[in-house]
Amino acid sequence: MLHVDMDAFYASVMIRDRPELHDVPVVVGGGHRGVVLSANYPARRFGIRSGMSGVEAHRLCPDAVTLPPDFTLLTPVSKAIMETFRTVTPVVEVTSLDEAFLDVRGAGRLFGSPEAIAERLRSRIRAEHGITCSVGIAATVSVAKLGSRLAKPDGVRVIPPDRFVAEVHPLDVGVLYGVGEATRQRLHRLGLVTVGDVAAIEPDQLRRMLGGHLGAHLHTLVWGTDRSELRPGGAGVFGFGEGEPEGSMGSQHTLAVDLTDRARLHRELLRLASRVTARVRGAGRVGRTVALTVRFSDFTTVNRSRTLAEPTDVTQEVYDTAVALLDALLDAMAPRRPSVRLLGVRVEGLRRVRDGDSRQLALGERDPGWPDADRAVDQAADRFGSSAVRRASLLTAADSAPRPPGWPVQAIR
DNA sequence: TCTGGGGTCCTAGGACCC
DNA sequence: TCTGGGGTCCTAGGACCC
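None of the values given here were measured: they were computed from a predicted structure.

**Q** Got a minute to help me understand the overall build of chain A in this structure?
**A** Of regular secondary structure, chain A possesses 16 helices and 13 strands. Put simply, chain A has 413 residues, and 43% of those count as buried. Taking contacts inside chain A between residues at least 6 apart in sequence as the whole, the part at least 24 apart equals 63%. For chain A, the exposed area adds up to about 21,200 Å²; of that, 53% sits on carbon and sulfur atoms.

**Q** Can you help me understand the protein's contact with DNA strand B in this one?
**A** Residues in close proximity to DNA strand B total 21 residues, the closest being His32, Gly250, Gln252, Thr254 and Arg279. For DNA strand B, the backbone makes up 69% of the atoms found within 4 Å of the protein, where backbone means sugar plus phosphate. Within the side chain of Thr254, one N or O atom sits 2.7 Å away from a phosphate oxygen of DNA strand B. Residue Arg346 places a side-chain N or O atom 3.0 Å away from a phosphate oxygen belonging to DNA strand B. Among the secondary structure elements, those contributing two or more residues to the surface near DNA strand B are β9 (248-259) and β12 (340-348). In terms of residue count, the dominant contributor to the surface near DNA strand B is β9 (seven residues). For the surface near DNA strand B, a count of residues per class yields five nonpolar, eleven polar and five charged.

**Q** Before we go on, may I ask you to explain the protein's contact with DNA strand C in this structure?
**A** Near DNA strand C there are 19 residues, and of these Lys145, Gly178, Thr183, Ser305 and Thr307 occur at the shortest range. Between DNA strand C and Lys145 there is a distance of 2.5 Å, counted from a phosphate oxygen to a side-chain nitrogen or oxygen. Within the side chain of Thr307, a nitrogen or oxygen atom sits 2.3 Å from a phosphate oxygen of DNA strand C. Contributing elements (two or more residues each) for the surface near DNA strand C: α9 (181-189) and β11 (301-312). Of all the elements, β11 adds the most residues to the surface near DNA strand C, at six residues. A breakdown of the residues in the surface near DNA strand C according to their chemical character gives five nonpolar, seven polar and seven charged.

**Q** How should the UniProt feature "binding site: Mg(2+)" (unreviewed entry) in chain A be read in this particular structure?
**A** The residues that UniProt annotates with the feature "binding site: Mg(2+)" (unreviewed entry) are Asp5 and Asp98. For this annotated set, covering 94 residues, all C-alpha atoms fall within 6.0 Å of each other, a compact arrangement in space. Locating Asp5 in the fold gives a position in strand β1 (residues 2-6). Apart from residues no more than four positions distant in its own chain, Asp5 is found in contact with Asp98, Glu99, Cys133, Ser134, Lys145, Ser148 and Lys152. When sequence neighbours within four positions are dropped, the list of residues in contact with Asp98 reads Val4, Asp5, Met6, Phe9 and Met82.

**Q** When you look at the nonpolar core in this model, what are you seeing that I'm missing?
**A** In summary, soluble globular proteins display a tendency toward joint burial of nonpolar side chains. Counting residues in each nonpolar core, the largest one holds 36 residues, and the members touching the most others are Leu2, Met6, Phe9, Ile81, Phe85, Leu102 and Ile117. Elements supplying a minimum of two residues to this core: β1, α1 (9-15), β2 (26-29), α4 (71-86), β5 (92-96), β6 (99-102), α6 (114-129) and β7 (133-137). The dominant element in this core, judged by the number of residues it contributes, is α1, at six residues.

**Q** Honestly, the sheet that holds β5 in this entry has me stumped. Any pointers?
**A** Strand pairing within a sheet occurs via backbone hydrogen bonds; the two strands may be parallel or antiparallel. An order of β5-β6-β1-β7-β8 is seen for the five strands of this open sheet, with the pairing classed as mixed. Of all strands in the sheet, those bounded by a partner on one side alone are β5 and β8 (156-158). Taking the axes of each pair of neighbouring strands and ignoring which way they run, one obtains an average angle of 15 degrees across the sheet. In the packing of α6 onto the sheet, contacts are made with β1, β6, β7 and β8, and the angle to β7 comes to roughly 165 degrees. Across the sheet, helix α7 (residues 141-151) touches β1, β6, β7 and β8, and the angle it forms with β7 is around 140 degrees.

**Q** Explanation requested: the sheet that holds strand β3 (residues 36-39) in the structure shown.
**A** The strand order β3-β2-β4 describes an open sheet built from three strands, whose pairing is mixed. Every other strand in the sheet has two partners, leaving β3 and β4 (65-67) as the edge strands with one partner each. Ignoring strand direction, the axes of neighbouring strands in this sheet form an average angle of 30 degrees. Judged from the three bridges that link them, β2 and β3 form a sheet pairing that is antiparallel. Residue pairing for β3: Gly29 is matched across the bridge by Val36.

**Q** Can you help me understand helix α12 (residues 212-222) in this one?
**A** For an α-helix, the turn length of 3.6 residues means that residues three or four places apart are oriented alike. What α12 keeps buried is the set Gly215, Leu218, Leu221 and Val222. Considered in projection along α12, the buried side chains sweep an arc of 125 degrees and stay on one side of the axis. The secondary structure elements touched by the buried residues of α12 are α7, α8 (164-168), α9, α10 (195-199) and α11 (203-210). Once α12 finishes, Gly224 follows within two positions and takes phi at roughly 65 degrees, a positive value.

Conventions and cut-offs
- Residues numbered from 1 in each chain as written.
- Chains lettered and ligands numbered in written order.
- Predicted model: local features only at pLDDT ≥ 70, side-chain atom pairs only at ≥ 80, totals over all residues.
- Heavy atoms only, no water.
- Helix = DSSP H or I, 4+ residues; strand = E, 2+ residues; numbered from the N terminus.
- Buried < 20%, exposed > 50% of the residue type's maximum accessible area, 1.4 Å probe, protein only.
- Contact = heavy atoms within 4.5 Å.
- Areas by Shrake-Rupley, 256 points an atom, 1.4 Å probe, with all protein chains shown as cover.
- Near = heavy atom within 4 Å.
- Polar contact = N/O pair within 3.5 Å; in protein donor to acceptor, adjacent residues only side chain to side chain.
- Nonpolar A, V, L, I, M, F, W, Y, C, P; charged D, E, K, R; others polar.
- UniProt positions renumbered as here; feature names shortened; annotations may be inferred.
- Core = buried A, V, L, I, M, F, W, Y, C linked by side-chain atoms within 4.5 Å.
- Pairing = 2+ DSSP bridges.
- Axes fitted to C-alpha atoms, helices over the stretch in contact; angles between N-to-C directions.
- Arc of directions from axis to C-beta.

What follows is the structure, encoded as structure tokens:
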């Protein structure tokens, strides 16, 4: 099993063709109210890490160059790299734009040892894309993942089963794939600091201490015996695979300023619902549950959801449901008028559209016009770009400027 | 001028049915 | 009249990942 992880992927790709930025600190993401997505190694020398707030990064290194992520650049590079992986094995589990697990057990005859395969992939990626990556080699997913982390940057680390205890048991439990900050704190409070400390606990006791699933899972992690079979295709980073879905699609946005005004919040919900349902339709899916996320200024976050009688991909239905959920939430909090920092809309319980769905969707008590309006919006977006068509209620003053001939009409309601 | 946006999975309680 | 389990669906929250 190989885990291949690009080094500072977003930053590396964004500055690849800009040599003047190679040796200066570069931060991708961050900015106004955002967090750092990626930082190159010069920036990391100042203590900048991904996940940190943009403000914090700026404090650590005011001279760093900040770039927004350009997915028209990043996505093709990612896809090409994943295709390179598939030249050595068909069993590739893609977990994000910049990392994947490879089952190379069947590739030995053609390509040699896992170490040889790792070096082969690393040199191809360096030659074809001008970026480096790190590889972990082990028997299971979590150990391979740990290996690539320990190998960074630009290295390879093998952790064979017979060296697992010696190499991993002395480390902090937080290094394990699946042990985040909350679980790490919980274990530390129980006096379990290293991986070895947790390994010394009987599985039954671990389950009693932490709950059935987490206890059992943790026991496999501390002995390096978690899963060794991959799920080819992965988590649908580039869209769904062929299997029946389950799953969800959502969109959320931190507002430029916190808002209390309902009309403006509703407008934001319309923007989010439009974006989400366009993706749902584009994937040929419908979903039954609409979920709303609201983060308030004090950073408390609540979720409200409603399951519809029939699955939908109709913008108006998702929007109406999200508005109802938000209004009910805010009404329940009255007379306080909490200010909202972030809104999110998600469609859950997705499944593939079946024959006859579209007719069903257009009948019954539903407004028959909306699916047609959605289709028109999708077609115009295909031709002119997603910013070409918006509800009139989302137009700003700048949008009323004259348009070039042939530019599509914008108003739908 | 603290703390993004895209997801998955698990837990737990209540409703409802058998 | 009281007592009971199991299963499924829905909702809310939380942990985790990149």
